[in-house]
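# Residue-level structural notes
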Amino acid sequence: MRILVTGGVGFIGSEYVRMLLAAPGSTGPRDPQVEPTAVTVLDKLTYSGNPQNLAPVRDDRRLRLVPGDICDSALVDEVVADHDVIVHFAAESHVDRSIEGAAPFVVTNVLGTQTLLDAALRHGTQRFVHVSTDEVYGSIDEGSWSETWPLSPNSPYSASKAGSDLLALSYHRTHGMDVVVTRCSNNYGPYQFPEKIIPLFVTNLLDGGTVPLYGDGGNIRDWLHVHDHCRGIALVQQKGRAGEVYNIGGGTELTNKELTARLLQACGAGWDRVVPVADRKGHDRRYSLDITKISEELGYAPSIDLERGLAQTVRWYRENRAWWEPLKSANAPAVAA
Ligand code: NAD
């Protein structure tokens, strides 16, 4: 099977590629059902796309990296032609950046996805896996979202992801294309760009600095290890039903304050290192996913509990300063969750 992974140099996409190719030292065993004969990564190598993320599989002869933009229809057409399956991760992914400027989010997330879908349609791609997010549902005070919940995104990021999510489903309903959509909760793990809350806080603390906590710190997120997300995507790629949406979550729900407490403890720091900052505009209060569908239909369950996953993640950042130090820049947005 020839698999095209868009955004395969980013945080989650590169974990998927390392998992597909069973990278030595990857965060867990690969799914034995995913047997690629070729893995092509199409990635624009934006600020968050670091080719170092593929270093563990660099010498695998099945891997090919094509630097390029998913909005480049000529290139996309050429690349898509040679593949059986597309797993689509490429996106602008940072909420705070979308608040500063929404244009790249609409271009990459919406137009880029449409460009890929059109190429897949032309070439009769066997399966298109669209990687979406739980943020498309909006915010929920109580209970959890099932896949039939109406979409109600609040940030330009989540609105652009909702647009691409619905576009992908429309290609199934309109053209009969084999499309599956995954909607996952917040990921953490190695190789995450140090602008998102966990790597930002860990790297600031390891450097002896402070960490900025939004508002009252009461916003709740469901934290899932990136490897569990990728295991869920692999199941959906293999066994998901065409035209269906699958929530992937089942990690641990924590307020940002509770998460901060765990990170402080893991880094041996106290609350004097926390600086409260004004809340993010339009900040979603709580995300919570119902994962009954993927659990019952595809046998999914998360395998890495938060305590173990966070300890492993903090250790990784401790041991891989050469990876993150060059990425930290003065003008990166302060916080994210
Ligand atoms: P990331 O920012 O780390 O990686 C995105 C990758 O896409 C980068 O390698 C970047 O270079 C590439 N890219 C950006 N624009 C491109 C373009 N126009 N053409 C080609 N490549 C381009 O993001 P991530 O956290 O790995 O997220 C990957 C996907 O998973 C996204 O679609 C995101 O919406 C989704 N998701 C993320 C989370 C999370 O917690 N991080 C949770 C659920 C879903």
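From a predicted model like this one, the values you see are computed outputs, not experimental measurements.

As a further point, take the overall build of the protein chain. In terms of helices and strands, the protein chain carries 11 helices and 12 strands. Compactness check: the protein chain gives a C-alpha radius of gyration of 19 Å against a globular reference of 20 Å for 337 residues, within 12% of the reference. Viewed in the frame of its principal axes, the protein chain has a C-alpha envelope of about 55 × 45 × 40 Å. Among the 337 residues that make up the protein chain, the fraction classed as buried is 56%. Summarising the internal contacts of the protein chain: among those between residues at least 6 apart in sequence, 83% fall at separations of at least 24. Summed over all atoms, the accessible surface of the protein chain reaches about 13,100 Å², with 50% contributed by carbon and sulfur.

It is worth spelling out the site of the ligand at this point. Neighbouring residues of the ligand: 28 residues in total, closest D43, S48, S93, Y157 and K161. Residue L45 places a main-chain N or O atom 3.4 Å away from an oxygen atom belonging to the ligand. Within the backbone of T46, an N or O atom sits 3.0 Å from an oxygen atom of the ligand. Contact with the protein chains covers 97% of the free accessible surface of the ligand, which is 830 Å². Listed by contribution, the elements that provide at least two residues to the shell around the ligand are helix 1 (11-20), strand 5 (127-133), helix 5 (156-175) and strand 7 (186-188). Among the elements that take part in the shell around the ligand, strand 5 stands out by supplying 3 residues, more than any other. Tallied by class, the residues present in the shell around the ligand amount to 11 nonpolar, 13 polar and 4 charged.

Looking now at the state of the cysteines. Taken as a whole and judged by the stated rule, the model has 0 disulfides. Lacking any disulfide linkage, C230 is separated from the closest cysteine sulfur, that of C184, by 8.7 Å.

Looking now at the sheet that holds strand 3 (residues 63-67). Ordered by their spatial adjacency, 7 strands build an open sheet running 3-2-1-4-5-6-10, and the pairing between neighbours is parallel. Each end of this open sheet is capped by a strand with a single partner; those strands are strand 3 and strand 10 (245-248). Pairwise comparison of adjacent strand axes, ignoring direction, gives a mean angle of 20° for this sheet. Taken together, the 4 bridges between strand 1 (residues 2-6) and strand 4 (residues 85-88) define a ladder with parallel strand orientation. Residue pairing for strand 4: I3 is matched across the bridge by V85. Here helix 7 (residues 226-239) sits on the sheet in contact with strand 1, strand 4, strand 5, strand 6 (179-184) and strand 10, set at roughly 145° to strand 5.

Attention shifts here to the side chain of S288. On the secondary structure map, S288 appears in the loop between strand 12 (274-277) and helix 9 (292-298). Side-chain polar atoms of S288 contact the side chain of R286, separated by 3.3 Å. Those residues in contact with S288 that lie beyond four places of it in its chain are I140, G143, S144, W145 and E253.

Cut-off values and rules
- Residues numbered from 1 in each chain as written.
- Predicted model: local features only at pLDDT ≥ 70, side-chain atom pairs only at ≥ 80, totals over all residues.
- Heavy atoms only, no water.
- Helix = DSSP H or I, 4+ residues; strand = E, 2+ residues; numbered from the N terminus.
- Rg over C-alpha atoms; globule rule 2.2 N^0.38 Å.
- Buried < 20%, exposed > 50% of the residue type's maximum accessible area, 1.4 Å probe, protein only.
- Contact = heavy atoms within 4.5 Å.
- Areas by Shrake-Rupley, 256 points an atom, 1.4 Å probe, with all protein chains shown as cover.
- Near = heavy atom within 4 Å.
- Polar contact = N/O pair within 3.5 Å; in protein donor to acceptor, adjacent residues only side chain to side chain.
- Nonpolar A, V, L, I, M, F, W, Y, C, P; charged D, E, K, R; others polar.
- Disulfide = S-S within 2.5 Å.
- Pairing = 2+ DSSP bridges.
- Axes fitted to C-alpha atoms, helices over the stretch in contact; angles between N-to-C directions.

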